[in-house]
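Residues per chain, in single letters:
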Amino acid sequence: RWMPSWSLGLHGYTDPDATNVDYLIGEREGSLGRYVQSVRLFKCPGDRSRVTLADGSHPRLRSYTMNGAWEPRHYGAAVENVF
């Protein structure tokens, strides 16, 4: 079972997950899909990277990433120094 996440799977250069639209905008807990409704939001327009799979080369769907840590104090920084 997957944990709630904004993006499921692995998104490396040889992982089929990197081409799975449902892993980015599918209806599930943690997904941003119901809000953004487009997979294009997750990829920089200048990103030309591709995924190499057994059936050939495919464009990667995601180039942006997000850290799950929302609390700056976990990294030793005071909140007033971050914002």
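Computed from a prediction, not measured in an experiment: that's the story for all the values here.

Chemist: Help me out: how do you make sense of the overall build of the chain in this one?
Modeler: Helix and strand counts for the chain stand at three helices and two strands. Along its sequence from the N terminus, the chain presents helices and strands in the succession α-α-β-β-α. In the chain, buried positions account for 27% of the 83 residues. The long-range share in the chain, meaning contacts at least 24 apart out of those at least 6 apart in sequence, stands at 38%. By element, 55% of the accessible surface of the chain is carried by carbon and sulfur atoms, the whole surface being about 6,200 Å².

Chemist: I'm lost on the pairing of strand β1 (residues 50–53) in this one. Help?
Modeler: The sheet contact formed by β1 and strand β2 (residues 56–59) spans four bridges and is antiparallel. By the bridge assignment for β2, Leu53 is matched with Gly56. In textbook terms, the turn of a hairpin is the stretch between consecutive antiparallel strands, and for β1 and β2 this stretch comprises two residues.

Chemist: Is there a simple way to think about the environment of Gly33 in this case?
Modeler: Residue position: Gly33 is located in helix α2 (residues 33–36). Among the residues examined, Gly33 registers a relative accessible area of 6% and is labelled buried. Along the backbone, Gly33 and Val21 are 12 residues apart, and their C-alpha atoms lie at a distance of 9.8 Å. With residues near it in sequence (within four places) discarded, Gly33 still touches Leu24 and Ile25.

Chemist: Can you walk me through the side chain of Ser49 in this structure?
Modeler: As for its placement among the helices and strands, Ser49 is situated in the loop between α2 and β1. Residue classification places Ser49 among the buried positions, given a relative accessible area of 14%. In terms of polar contacts, Ser49 uses its side chain to reach the side chain of Asp47, at 2.7 Å. If sequence neighbours within four positions are ignored, Ser49 has contacts with Tyr13, Lys43, Pro59 and Arg60.

Chemist: Teacher, can you tell me more about unusual backbone geometry here?
Modeler: Peptide bonds are mostly trans, and most non-glycine residues show a negative phi. Even without a glycine there, the phi angle at Gln37 is positive, about 55°. Along the polypeptide, Gln37 turns up in the loop between α2 and β1.

The rules we used
Residues numbered from 1 in each chain as written. Predicted model: local features only at pLDDT ≥ 70, side-chain atom pairs only at ≥ 80, totals over all residues. Heavy atoms only, no water. Helix = DSSP H or I, 4+ residues; strand = E, 2+ residues; numbered from the N terminus. Buried < 20%, exposed > 50% of the residue type's maximum accessible area, 1.4 Å probe, protein only. Contact = heavy atoms within 4.5 Å. Areas by Shrake-Rupley, 256 points an atom, 1.4 Å probe, with all protein chains shown as cover. Pairing = 2+ DSSP bridges. Polar contact = N/O pair within 3.5 Å; in protein donor to acceptor, adjacent residues only side chain to side chain.

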